[in-house]
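# Structure at a glance
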Amino acid sequence: MSDLLPLVDAHHHVWDLDQRPQPWLDDTGHEAIRRSHGIEDLRRAADRPLAGRRLTGTVVVQCVASTEETTELLALAGQEPLVAAVVGWADLTSPAIGDVLDALRSAPGGGYLRALRHLVQGETDPEWLQQPSVERGLRAAQHRGLGYDVLIRSHQFPQAIRLAERFPDLPLVLDHAGKPPIGHQALSDWSHGVRALAAHPQVRCKVSGLITEADHRTWSLDDIRPVWDTLLAAFGPERLMFGSDWPVCVLAGGWARWAEAVEHLLDDCSAHEKQAVLHDTATAFYRLTDHQNEK
């Protein structure tokens with residue numbers, strides 16, 4: 001496999017339920033992933049090449065609102081060659097956010113902190129991202145060279161668009177393509193939101209989490225392709241990045257099945273465009289090469 005090109009997975013999770021509970025796993029429908037998942041599990045799941053590439057680097061992403069979890073993920077990145085960056089969590093509304101971020105960056109593996117994320121999808125305030133305390137926290141992150149992963153649902157695009165307008169110098173990436181309602185086959189509002197957000201040049205988008213927005217058992221490539229076509233037209237391949245959303249993707253077929261779908265979606269793309277989606281966009285956004293020599 002030495003002749004295979006490198007592949008970056010820009011979005012996956014790990015958790016050890018003996019070390020840290022994941023209450024969201026108690027929700028109905030999560031039975032298949034209601035166990036601990038570590039890096040070795042990911043290696044086995046991602047053994048299948050994708051478009052002539054092997055997995056060489058990943059971005060591990062927070063699951064719960066916990067700086068302790070972020071500290072654990074940073075320590076993992078400092079020890080594990082496969083993990084090249086961390087998207088962590090910190091309370092953006094805290095008056096001490098600057099000190100918290102400095103402490104995280106000073107912790108073991110702290111140099112791998114590249115972005116923050118909050119589960120905005122669960123917030124009921126339609127202007128959560130515009131709260132003064134949140135904006136203060138985002139400025140603190142920006143001043144420390146961090147990006148921000150935007151996790152929203154279709155109806156929350158207006159606040160993500162305002163975020164991009166108000167923070168033109170903050171690197172943003174749209175997680176899971178804004179969770180298009182594929183299962184309901186009602187994509188017009190989502191498509192409008194994607195195009196409006198993509199008009200801001202500092203925004204990137206993860207091609208991830210799509211199969212779990214479709215019917216978990218019956219989805220096909222035909223369900224995913226309209227979403228892909230919209231993303232490709234809105235962002236272009238230079239602003240798209242592949243992500244598995246493993247192990248959540250297990251609910252809808254797993255890493256290998258999603259990788260196969262991505263291969264088909266990329267069929268009409270040039271080698272340069274595939275390189276962007278499968279490696280270069282994530283590498284540039286998360287600055288994945290900065291600390292690799294430390295391991």
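Now for a look at the structure at hand. (Residues numbered from 1 in each chain as written. Predicted model: local features only at pLDDT ≥ 70, side-chain atom pairs only at ≥ 80, totals over all residues. Heavy atoms only, no water.)

## Focus: the packing of aromatic side chains
Geometry of an aromatic ring pair is reported as the spacing of the ring centres plus the angle between the planes. Applying the stated rule across the entire model yields three aromatic pairs. Measuring from centroid to centroid gives 6.0 Å for Phe242 and Trp255, while their planes differ by 85 degrees, and the two rings are edge-to-face. In this pair, Phe242 is assigned in strand E8 (residues 240-242) and Trp255 in helix H8 (residues 255-265), connecting sequence segments 13 residues apart. There is no split in this pair, since Phe242 and Trp255 are both buried. Measuring from centroid to centroid gives 4.9 Å for Phe285 and Tyr286, while their planes differ by 80 degrees, and the two rings are edge-to-face. Each of the two residues, Phe285 as well as Tyr286, counts as buried. Here the basic side chain of Arg257 rests over the ring of Trp219, its NZ or CZ set 3.9 Å away from the ring centre. (Phe/Tyr/Trp six-rings, centres within 6.5 Å; stacked < 30°, edge-to-face > 60°. Helix = DSSP H or I, 4+ residues; strand = E, 2+ residues; numbered from the N terminus. Buried < 20%, exposed > 50% of the residue type's maximum accessible area, 1.4 Å probe, protein only. Lys NZ or Arg CZ within 6 Å of the ring centre and 35° of its normal.)

## Focus: helix H2 (residues 67-79)
The end-to-end C-alpha separation of H2 is 19 Å, in line with the 18 Å expected for 13 residues at 1.5 Å each. Taken as a whole, H2 has its buried residues at Glu69, Thr70, Leu73, Leu74 and Ala77. In an axial view of H2, the angular spread of the buried residues amounts to 140 degrees, which keeps them on one side of the axis. Against strand E2 (53-61), strand E3 (83-88), helix H3 (97-106) and strand E4 (113-118) lie the buried residues of H2. (Expected span 1.5 Å × (residues − 1). Arc of directions from axis to C-beta. Contact = heavy atoms within 4.5 Å.)

## Quick look at the side chain of Arg117
Tracing the backbone through its elements, the reader meets Arg117 in strand E4. Look at Arg117 and you get buried, because its relative accessible area is 5%. A distance of 2.8 Å separates polar atoms of two side chains, one belonging to Arg117 and the other to Gln62. Leaving out residues up to four positions away in the same chain, Arg117 has contacts with His11, His13, Val61, Gln62, Val87, Gly88, Trp89, Tyr148, Asp149, Leu151, Asp175 and His176. (Polar contact = N/O pair within 3.5 Å; in protein donor to acceptor, adjacent residues only side chain to side chain.)

## Concerning the side chain of Asp175
Inspection of the secondary structure assignment puts Asp175 in the loop between strand E6 (172-174) and helix H6 (188-198). The contacts of Asp175, once residues within four sequence positions are left out, are His11, Arg117, Asp149, Val150, Leu151 and Lys206.

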